[in-house]
Amino acid sequence: MSAATTRGRTARTARTPVPDRLCAEAVDLARAAAEEAAAPGVVGEHVAVVSEGDRVVTHYFECEDPGYRGWRWAVTVARASRAKNVTLDETVLLPGGDALLAPEWVPWSERLRPGDMGPGDLLPTEADDLRLEPGYTGADEPPPNSAVASVTGELADLVDAEDAELTTRPEPPLRGSIAAVADELGVRRARVLSRYGLREAADRWDEEFGAKTPMAQAAPASCVSCAFLLPLAGSLRQAFGVCANEFAPADGHVVSLAYGCGGHSEAAVMPTPPKPAPHALDTVRVDEYSLRAEAEGSSEDLGHA
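Source: prediction; values computed, not measured.

### Topic: the overall build of the protein
Regarding its fold elements, the protein presents 9 helices and 9 strands. Across the 305 residues that make up the protein, the buried fraction comes to 21%. Counting only contacts in the protein whose residues sit at least 6 apart along the sequence, the fraction spanning at least 24 positions is 50%. If you sum the accessible surface of the protein, you get close to 23700 Å²; carbon and sulfur atoms cover 55% of it.

Okay, structure coming up:
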């Protein structure tokens, strides 16, 4: 077999088969199926016939529904080998090239924006949230099979069984223990902020109340020397604090130490406005001229003449 013959057979095989004559003529059957799936009057004109394979044809009808502009009803019919009866395969509504489509679906976690949460809303965090990392690991906890652990488990079961109400605060950790150090550092929690979470929060706060804002550029001094600044705890203490000036634009907000406003605690005396320089040419003052002296001088000149 030559290469030319092989290429020719491959081209004929890849070519779309010719629509089956009986399936292509079953327009009424396809229309009836489309109207049964939709409603009378919604199925429009027959627009196309497409061969899907051997003795399998799809008929396309226009959709007259105003809510589905550009969509088409697709009814696929088929015929068994050596059979004369055409049967219905499926009926679907498909979008055309200029169809009106819904926007691509976006997960809720990507649609959420700051300020979207309201009273009663819950925002669960994922287990692999990059902003969080494990906190206190419980190094001081007793081994699972120890006597202390068994007693603790029994007490917990008893509390659950009797539905007891906790009326006393838990005992503080022993001084010098890992739990006490974790309490002091603020990491005795299931999860704490990671470095990524801290950096993300710092960038967000600095963008709103940072040194590059117009308010900070026009301020007489920065927040680092203001008495209304309440420093944060932890590693962010070196760069951020909370404004406690009720008249300041950032009252109750986290501000950068390089931020500033006109409500600085040390801006008690209003700055004296600069005195303008005297005018080189005074255009307001009225110059006085003696008209009598000029008259007498002119009469003497006439007498000598």
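More follows now that the structure is in view.
### Observations regarding the packing of aromatic side chains
Two measures describe an aromatic ring pair: the distance that separates the ring centres and the angle between the ring planes. Evaluation of the coordinates by the stated rule reveals 3 aromatic pairs. Where Y68 meets W71, the ring centres are 5.4 Å apart and the plane angle is 85°; that geometry is what we call edge-to-face. Ring geometry for F209 versus Y259: centroids 5.5 Å apart, planes at 85°, classification edge-to-face. Taken as a pair, F209 in the loop between helix 7 (195–208) and helix 8 (214–217) and Y259 in the loop between strand 9 (254–256) and helix 9 (291–304) lie far apart in primary sequence, 50 residues in all. You can call F209 buried: its relative accessible area is 9%. Over the face of the ring belonging to Y60 we find R72, whose NZ or CZ atom lies 4.4 Å from the ring centre.

### Comments concerning helix 3 (residues 27–37)
Among the residues of helix 3, those classed as buried are A30, A33 and A34. Axial view of helix 3: buried residues confined to an arc of 100°, hence all on one face. Away from its buried face by more than 90 degrees, helix 3 exposes D28 and E36. Where helix 3 is buried, its residues contact strand 1 (43–53), strand 2 (56–63), strand 3 (71–79) and strand 4 (86–95).

### So, unusual backbone geometry
Not every positive phi belongs to a glycine, and R55 is a case in point at roughly 60°. Looking at the element boundaries, R55 is found in the loop between strand 1 and strand 2. Given a relative accessible area of 30%, R55 falls into the partly exposed group. One non-glycine residue, R82, adopts positive backbone phi at about 65°.

### Looking at the side chain of H264
Mapped onto the fold, H264 is located in the loop between strand 9 and helix 9. In terms of polar contacts, H264 uses its side chain to reach the backbone carbonyl oxygen of S222, at 3.0 Å. Apart from the residues within four sequence positions on either side, H264 is in contact with P220, A221, S222, S225 and C226.

### Structural notes on a nonpolar patch on the surface
Taken together, W108, M117 and L123 make up a surface patch of nonpolar side chains, about 300 Å² in accessible area. With respect to the element layout, W108 can be found in helix 4 (residues 108–111). With a relative accessible area of 44%, W108 lands in the partly exposed category.

### Notes on the side chain of S256
Its place among the elements puts S256 in strand 9. Among the residues examined, S256 registers a relative accessible area of 8% and is labelled buried. If we skip the residues at most four places from it in the chain, S256 touches D206, F209, G210, C223, A239 and F240.

### With respect to the confidence of the model for the protein
When pLDDT is averaged along the protein, the result is 78; 71% of the residues meet or exceed 70. Contacts for the low-pLDDT stretch residues 1–6, under 50 throughout, to residues beyond four places or in other chains number 2 contacts. Note on residues 8–13: pLDDT under 50 across the span, and 1 contact to partners over four residues away in sequence or across chains.

### Regarding the pairing of strand 2
The buried fraction of strand 2 amounts to 6 of the 8 residues, a majority that puts the element mostly inside the structure. Sheet topology note: the strand 1/strand 2 ladder contains 7 bridges and is antiparallel. Within strand 2, the position partnered with V43 by the bridge is C63. Counting the residues between successive antiparallel strands, the hairpin from strand 1 to strand 2 contains 2 residues, one of them, R55, with a positive phi of roughly 60°. Two elements, strand 2 and strand 3, share 7 bridges in a ladder whose sense is antiparallel. Paired with T58 across the bridge in strand 3 is T76.

The rules behind the values
- Residues numbered from 1 in each chain as written.
- Predicted model: local features only at pLDDT ≥ 70, side-chain atom pairs only at ≥ 80, totals over all residues.
- Heavy atoms only, no water.
- Helix = DSSP H or I, 4+ residues; strand = E, 2+ residues; numbered from the N terminus.
- Buried < 20%, exposed > 50% of the residue type's maximum accessible area, 1.4 Å probe, protein only.
- Contact = heavy atoms within 4.5 Å.
- Areas by Shrake-Rupley, 256 points an atom, 1.4 Å probe, with all protein chains shown as cover.
- Phe/Tyr/Trp six-rings, centres within 6.5 Å; stacked < 30°, edge-to-face > 60°.
- Lys NZ or Arg CZ within 6 Å of the ring centre and 35° of its normal.
- Arc of directions from axis to C-beta.
- Polar contact = N/O pair within 3.5 Å; in protein donor to acceptor, adjacent residues only side chain to side chain.
- Patch = residues over 30% accessible without salt bridge, like charges linked within 9 Å, V, L, I, M, F, W, Y side chains within 5 Å.
- Salt bridge = Lys/Arg side-chain N within 4 Å of Asp/Glu carboxyl O.
- pLDDT = per-residue confidence, 0-100.
- Pairing = 2+ DSSP bridges.

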